[in-house]
Every structure is written in C-alpha cells, then in structure tokens.
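Close look at the chain arrangement
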Amino acid sequence: MTRISRKLRRWTSEVLDLPQDVLYDMPRLTLIGTKQLYIENHRGVIHFSPDRIVLALSQGQLEIKGTELMIRNILPDEVAVEGTILDIHMNGAEGNG
C-alpha cells in the first residue's frame, strides 16, 4: 500500500470516525471466554474439524484450535464458532496500521 493511500485511509478514518476493521477490510473477532468466538469479515471456510477450523480472510487465514469445535452460525461475512477455544492464530496477514 502506498504512503499516500495509508495517509488517505487514516484521514478518512479520523474524519468520518469509521472503525479500522471496516476501512481496511480486516476481521473483527469477539471472544467470549473460551467458549464462543464471533468472526466478522471472513471470506469462507477452508477447513473444518472438531479440533481445528481455518477461515479465509481478505489477507491470509485465521486458524482456530480447540476441542469439540462447531460452527453454530455462518453468514456470507460472519461466522459463530462454539466449543473450547484454545488458540487463535492469523497466518499471512500483513499489518495495515
């Protein structure tokens, strides 16, 4: 991303008071204890098993490890995961801040 583009996005974020996840198309994760995880701005499920879920992101992947994992709800850009969540890791995502 060019320096001008970064400055324009930062200015837009400040002036319009937009959250950075919307402006940069980044995932928004909401973890409730170790039992529920909500992910917004995903691009689809790559892998699913009771101990590992991998989601595609606009840049990279999100890997969720745990036990008895299940996808409770899935929408085009939002997914709800339940089970015992032990680890959350982003692969291949570059910093945009």
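A brief structural summary. (Residues numbered from 1 in each chain as written. Predicted model: local features only at pLDDT ≥ 70, side-chain atom pairs only at ≥ 80, totals over all residues. Heavy atoms only, no water.)

A sheet is described by the order of its strands in space; here 6 strands give the open sequence β1-β2-β6-β5-β4-β3, paired in antiparallel fashion. Two strands in the sheet have a free side with no partner beyond their single neighbour: β1 (28–32) and β3 (45–49). Each strand axis lies, on average, 40° off the axis of its neighbour in the sheet, ignoring direction. (Pairing = 2+ DSSP bridges. Helix = DSSP H or I, 4+ residues; strand = E, 2+ residues; numbered from the N terminus. Axes fitted to C-alpha atoms, helices over the stretch in contact; angles between N-to-C directions.)

Let's shift gears to the pairing of strand β6 (residues 78–91). The pairing of strand β2 (residues 36–40) with β6 spans 5 bridges and is antiparallel. The residue bridging Tyr38 from the neighbouring strand is Ala80, located in β6. Connecting strand β5 (residues 61–74) to the next strand, β6, in antiparallel fashion are 3 residues.

Here the focus is the pattern of salt bridges. All chains considered together, the criterion is met by 3 salt bridges. Between Arg52 and Glu63 there is a salt bridge whose closest N-O contact spans 2.7 Å. Residue Arg52 is located in strand β4 (residues 52–56), and its partner Glu63 is located in strand β5; the two are separated by 11 residues in the primary sequence. Assessed through its relative accessible area of 30%, Arg52 is described here as partly exposed. Across the pair Glu82 and Arg72 runs a salt bridge whose closest N-O atoms are separated by 3.1 Å. In this pair, Glu82 is assigned in strand β6 and Arg72 in strand β5, connecting sequence segments 10 residues apart. Connected through salt bridges with shared partners, the residues Arg52, Glu63 and Lys65 form a single ionic network. (Salt bridge = Lys/Arg side-chain N within 4 Å of Asp/Glu carboxyl O. Buried < 20%, exposed > 50% of the residue type's maximum accessible area, 1.4 Å probe, protein only.)

Bringing the pairing of β3 into the picture now. The sheet contact formed by β3 and β4 spans 4 bridges and is antiparallel. Each bridged residue has a counterpart across the sheet, and for Ser49 the counterpart in β4 is Arg52.

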